[in-house]
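Chains, contacts and geometry: an overview
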Amino acid sequence: MASPIFLVGPTPADHESTAQLEKHLREAGLHESAEETAAREDVLRDLQGIVDRWVKRLTTQREYPDGMAEHATALLLPFGSYRLGVHGRGADIDALVVGPAYVDRHHDFFDVLGGVLAETEAVTELQLVPGAYVPVIKMRFRGVQVDLLYASVCLPAVPSDLDLRGRSVLCGLDMATVRSLNGVRVADEILRLVPDAGAFRTTLRCVKHWAKARGIYSNAMGFVGGVGWAILVARVCQLYPNAAPSMLVPRFFRIFSQWKWPNPVMLREIEHDDDGGEMPLGLPVWDPRRNPSATGATSCPSSRRHTPA
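This structure is a prediction, so every number in the text was calculated from the model and none was measured. (Residues numbered from 1 in each chain as written. Predicted model: local features only at pLDDT ≥ 70, side-chain atom pairs only at ≥ 80, totals over all residues. Heavy atoms only, no water.)

**Thoughts on the packing of aromatic side chains**
To keep things clear, this is the line we draw: Here a pair means two rings of Phe, Tyr or Trp (six-membered ring of Trp) with centres within 6.5 Å. Their orientation is stacked below 30 degrees between planes, edge-to-face above 60, and tilted elsewhere. Note on conventions: DSSP H or I runs of at least 4 residues are helices, E runs of at least 2 residues are strands, and numbering of each starts at the N terminus. Burial status follows relative accessibility: with a 1.4 Å probe on protein chains alone, a residue under 20% of its type maximum counts as buried, one over 50% as exposed, and anything between as partly exposed.
Per the counting criterion, the structure on display carries 14 aromatic pairs. Arranged with centres 5.2 Å apart and planes meeting at 65°, the rings of Phe252 and Phe256 form a pair that is edge-to-face. Taken together, the positions of Phe252 and Phe256, both in helix H9 (residues 245-257) and four residues apart, correspond to about one turn of that helix. No difference in accessibility class separates Phe252 from Phe256, as the two residues are buried.

**Quick notes on the sheet that holds strand S4 (residues 136-141)**
The test is simple: Being paired, for any two strands, means DSSP has found at least two bridges between them. Each axis is a line fitted through C-alpha atoms, and for a helix only the stretch in contact is used; angles between axes span 0 to 180 degrees, taken between their N-to-C directions. In what follows, residue pairs with any heavy atoms lying within 4.5 Å of each other are defined as contacts.
Taken in spatial order, the five strands line up as S1-S2-S5-S4-S3 in an open sheet, and their pairing is mixed. This sheet does not close on itself; its edge strands, each paired only once, are strand S1 (75-79) and strand S3 (123-129). Strand-to-strand twist of the sheet, defined as the mean angle between neighbouring strand axes without regard to direction, takes the value 25°. Here S3 pairs with S4 via five bridges, running antiparallel. Residue pairing across strands places Leu128 opposite Ile137, the latter belonging to S4. Across the sheet, helix H5 (residues 105-118) lies against strand S2 (93-99), S3, S4 and strand S5 (144-152), angled at about 165° from S3, the strand it touches most.

**Side note on the UniProt feature "domain: Poly(A) polymerase nucleotidyltransferase" (unreviewed entry) in the protein chain**
Rule in force here: UniProt positions are given in the numbering used here, feature names are shortened, and annotations may be inferred rather than shown by experiment.
Residues annotated in UniProt with the feature "domain: Poly(A) polymerase nucleotidyltransferase" (unreviewed entry) correspond here to residues 2-194. For the annotated span residues 2-194, helix accounts for 46% and strand for 18% of the residues, and the straight-line distance between the end C-alpha atoms is 14 Å.

**Re the domain arrangement of the protein chain**
For clarity, the cut-off: Where each domain starts and ends follows an automatic or database-derived domain assignment. Note: buried area is the sum, over both parts, of the accessible area (probe 1.4 Å) each one loses when the two are combined. Basic side-chain nitrogens of Lys or Arg form a salt bridge, by our definition, when they fall within 4 Å of a carboxyl oxygen of Asp or Glu. A 3.5 Å cut-off defines polar contacts: any pair of N or O atoms within that distance qualifies, except that in protein one atom must be a possible hydrogen donor and the other a possible acceptor, and neighbouring residues in sequence count only when both atoms are side-chain atoms. In this classification, Asp, Glu, Lys and Arg are treated as charged, Ala, Val, Leu, Ile, Met, Phe, Trp, Tyr, Cys and Pro as nonpolar, and every other residue, Gly included, as polar.
Here the protein chain is partitioned into domain 1 (12-31 + 194-258) and domain 2 (34-187). When each unit is reduced to the centre of its C-alpha atoms, the spacing between domain 1 and domain 2 is 30 Å. Tallying the contact residues gives 10 residues for domain 1 and eight residues for domain 2. Approximately 720 Å² of surface area, both sides summed, lies buried where domain 1 meets domain 2, with 55% of it carried by carbon and sulfur atoms. By the criterion of area lost to domain 2, the three top residues of domain 1 are Arg201, Arg205 and Lys208, representing 47% of everything that side buries. At the boundary of domain 1 and domain 2, one finds zero salt bridges. The tally of links between domain 1 and domain 2 comes to four residue pairs in polar contact (both at pLDDT 80 or more). Elements with a minimum of two residues in the side of domain 1 that touches domain 2: helix H7 (197-213) and helix H8 (226-239). Residues belonging to the side of domain 1 that touches domain 2 are distributed by class as follows: five nonpolar, two polar and three charged.

Given below as structure tokens:
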């Protein structure tokens, strides 16, 4: 991991250029209105209510003690561009439902919660995709596209302040659950590792706008997707920790036009079970030096356990 290569901060001219850049992004419609933000928050609040009632119902049906049913809850955690703070107008919401150990994905999430959503007036275009690489419920909730994932953690109750960043939360989980947790874990780790979240967000909005305008923003089409672009921008922010967005954007293109591919772009060192740290997990780690199947990836998320971006 290379240290920062330039520590000088912005000049007054750089600040002015950044202001012009941010003005252009607003004029291009890359920021949603206050009304759109409020509507998105309403969707998340109403979905939280639905999943809370769903878990309480399951807890009651399984005849757990009354006190346990009363306090039973689930967490609804957005991830992706929304969690990174770079979503724009009309963007969908990727969200993770975290439930207790006794609530499973196959029956409880897809059959029971899927049935509840099917009967919810606000829900349209409902699709259940349990066989996907990352199992997902797709829908529109009051017109907003929502992709809902599920992860059951090894706890009898889900605390409101559950920290998903540590290794211990992954103990005993299957790969589908680990992959479902990745979105939240990777987004939080990226924000933790960048020196200036505001500069990172403005630079990422600009780079995403450039990529979409040129038709090269898509995992499905073989290009870099949202997390990949975020990792690339985050690495430039690490190399220029005091730079303003107007300085970071040209440096982004300069660095990656000269990058020695397929060397990976990493935000932190890779951790392995045999590093002498916390308990071993037995999960696959992105590292082509030890796992040859990882060589097809071009960027490496910084989470401790993850799949290639």
